[in-house]
Amino acid sequence: MSISVRNASKQYGEFKALDDVSVEIASGSLTALLGPSGSGKSTLLRVIAGLETPDSGSVFIGDKNVTGRPPQQREVGFVFQHYAAFKHMTVGDNVAFGLKIRRRPKSEIESRVKELLELVQLDGLAKRYPSQLSGGQRQRMGLARALAVDPAVLLLDEPFGALDAQVRTELRAWLRRLHDETHTTTVIVTHDQEEAMEVADEVVVMNRGRVEQVAGPRDLYENPANEFVMSFVGQVNQIDDTFVRPHDLELTLEANGTTREAMIERIVHLGFQVRVELVRDDGEHLSVQITRDEAERLELEQGQIVFVRSTRETTFSGS
Ligand code: ADP
Ligand code: MG
């Protein structure tokens, strides 16, 4: 089901957590709310969920205006960073919880729970207790529980935030596959731009309670609307008003008319990529991204003098 937030504002004392926010989330999409800590992501998610009432503005789920309605009337499923499971209940019973309180027939509950545990790849673990699961398994149980009641929208607030980097990467890929199977309209809050870019169809970039840009991952990276998005999404070098991505800088060993002299301060090997940290003759620091092959071909070394040139630069008017 689609979600439409229209001119929502929310203030805590003097602080504007949401400042006239409007977003349209397409039915069946996976949308990320991305922004730094304190930018209003959770507040927006909670306004969509009905856990928070906006001071002004409205929320539609599908074509229904749900603004004044409590969460249980909105057909939303949630998962938070620290998934709150019933500790004394088995995994199966936790997943069944929403169906039980809706008094679904026992046979339906059993088959649905089985199906959901398969979907989140926890089949065989129904009889365990939450404390016997790993962090990643617990978050997947949370997703199964949220999906059990067939929510119109699934709302995830930093669901993988408490997990270590490797598990987080796995779960991201898994969430994407899950979404491709279920097509449940999903909104995921994250402060991690890589997570947003990897998992989402659309990214809503937030900053100080406002929406800076809404775009697909590629477009966001290639055509950022402003300085904030340019520097928040992906790495960037800034010199005065000019922004250059690290891979839009070229290194050569010989000067030509368009290059500038720089010294290599540090070479960081990141597998396929190599990051070269430079300091220019005017003291500006630059980060350059090249492939391992390119680095080997140039035989780069710390302390060496090289020549650098940008192949693409971005400036924003009015800044
Ligand atoms: P994010 O999820 O992007 O980190 P939040 O939406 O949680 O940001 O919060 C935005 C700002 O609103 C924060 O600076 C926070 O201090 C403030 N805030 C959030 N909820 C409350 C609340 N219930 N009472 C007071 N201030 C709040
Ligand atoms: Mg938050």
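Residues numbered from 1 in each chain as written. Chains lettered and ligands numbered in written order. Predicted model: local features only at pLDDT ≥ 70, side-chain atom pairs only at ≥ 80, totals over all residues. Heavy atoms only, no water.

In contact at an axis separation of 10 Å, helix H2 (residues 91-101) and helix H3 (residues 106-119) are set at 125° when each is read in the N-to-C sense. With respect to H3, the element H2 is oriented oblique. Here H2 and H3 pass one another in a crossing that is right-handed. Here Val91, Gly92, Val95, Ala96, Leu99 and Lys100 of H2 come into contact with H3, specifically with Ile109, Arg112, Val113, Leu116 and Leu117. For the contact of H2 with H3, the per-class residue count stands at eight nonpolar, one polar and two charged. (Axes fitted to C-alpha atoms, helices over the stretch in contact; angles between N-to-C directions. Helix = DSSP H or I, 4+ residues; strand = E, 2+ residues; numbered from the N terminus. Parallel < 35°, antiparallel > 145°, perpendicular 65-115°, else oblique. Left-handed = near helix turned anticlockwise from the far one by under 90°. Contact = heavy atoms within 4.5 Å. Nonpolar A, V, L, I, M, F, W, Y, C, P; charged D, E, K, R; others polar.)

So, about H3. Since the α-helix advances by 3.6 residues per turn, residues separated by three or four positions end up pointing in the same direction. Here H3 contains 14 residues, and its C-alpha end-to-end distance of 20 Å stays within 8% of the 20 Å for a straight helix at 1.5 Å per residue. The complete set of buried residues in H3 reads Ile109, Arg112, Val113, Leu116 and Leu117. Looking straight down H3, one finds its buried side chains confined to an arc of 130°; they lie on one side. In H3, the exposed residues that point more than 90 degrees away from the buried face are Ser107, Glu110 and Lys114. Trailing H3 by a residue or two, Gln121 shows a phi angle of about 55°, which is positive. (Expected span 1.5 Å × (residues − 1). Buried < 20%, exposed > 50% of the residue type's maximum accessible area, 1.4 Å probe, protein only. Arc of directions from axis to C-beta.)

Further remarks concern the site of ligand 1. Within the structure, ligand 1 sits among Tyr12, Phe15, Ala17, Pro36, Ser37, Gly38, Ser39, Gly40, Lys41, Ser42 and Thr43. For ligand 1, an oxygen atom lies 2.7 Å from a polar atom in the backbone of Gly38. Taking Thr43, its side chain carries an N or O atom lying 2.5 Å from an oxygen atom of ligand 1. At the level of secondary structure, the elements contributing two or more residues to the shell around ligand 1 comprise strand E2 (15-25) and helix H1 (41-49). If one sorts the elements of the shell around ligand 1 by residue count, H1 sits on top with three residues. (Near = heavy atom within 4 Å. Polar contact = N/O pair within 3.5 Å; in protein donor to acceptor, adjacent residues only side chain to side chain.)

With that settled, consider the nonpolar core. Counting 42 residues, the largest nonpolar core has Leu143, Leu175 and Leu220 as its most contacted members. Listed by contribution, the elements that provide at least two residues to this core are strand E3 (30-34), H2, H3, helix H4 (135-148), strand E7 (153-157), helix H5 (165-182), helix H6 (193-199) and strand E9 (202-207). The biggest single contributor to this core is H4, with six residues. Each residue touching Leu143, except ones within four places of it in the same chain, is listed here: Val79, Leu154, Leu156, Trp174, Leu175 and Leu178. Formed by 24 residues, the second largest nonpolar core is a distinct cluster that contains Ala8, Val47, Ala152 and Val204. (Core = buried A, V, L, I, M, F, W, Y, C linked by side-chain atoms within 4.5 Å.)

So, about the domain arrangement of the protein chain. We note that the domain assignment places domain 1 (3-229) and domain 2 (238-310) within the protein chain. A C-alpha centroid distance of 40 Å is found between domain 1 and domain 2. (Domains from an automatic or database assignment.)

One pass over the full model with this rule turns up 22 salt bridges. Here Glu115 and Arg112 are joined by a salt bridge, their closest N and O atoms 2.7 Å apart. Placement of the pair is Glu115 and Arg112 together in helix H3, with a separation of three residues, close to one helical turn. We classify Arg112 as buried; its relative accessible area is 18%. (Salt bridge = Lys/Arg side-chain N within 4 Å of Asp/Glu carboxyl O.)

Below, the discussion takes up the side chain of Thr184. If you trace the backbone, Thr184 turns up in the loop between H5 and strand E8 (185-190). Note on Thr184: relative accessible area 12%, which makes it buried. Not counting the four nearest positions on each side in its chain, Thr184 is found in contact with Ser29, Leu147, Pro151, Ala152, Val153, Leu154 and His179.

Bringing the sheet that holds strand E17 (residues 305-310) into the picture now. Here five strands make up an open sheet; going across it, the order is E13-E17-E14-E15-E16 and the pairing antiparallel. The strands lining the two open edges of the sheet, one partner per strand, are strand E13 (249-252) and strand E16 (285-291). For this sheet the average axis-to-axis angle between neighbouring strands, irrespective of direction, equals 45°. Bridging between strand E14 (residues 260-270) and E17 involves four bridges; their strand directions are antiparallel. Following the sheet pairing, Ala262 is matched in E17 by Val306. (Pairing = 2+ DSSP bridges.)

Right, let's get into the environment of Phe80. Relative to the assigned elements, Phe80 resides in the loop between strand E6 (76-79) and H2. A relative accessible area of 34% means that Phe80 is categorised as partly exposed. Residues Phe80 and Gln139 lie 59 residues apart in sequence; the distance between their C-alpha atoms is 8.5 Å. Those residues in contact with Phe80 that lie beyond four places of it in its chain are Leu51, Gln139, Asp157 and Pro159.

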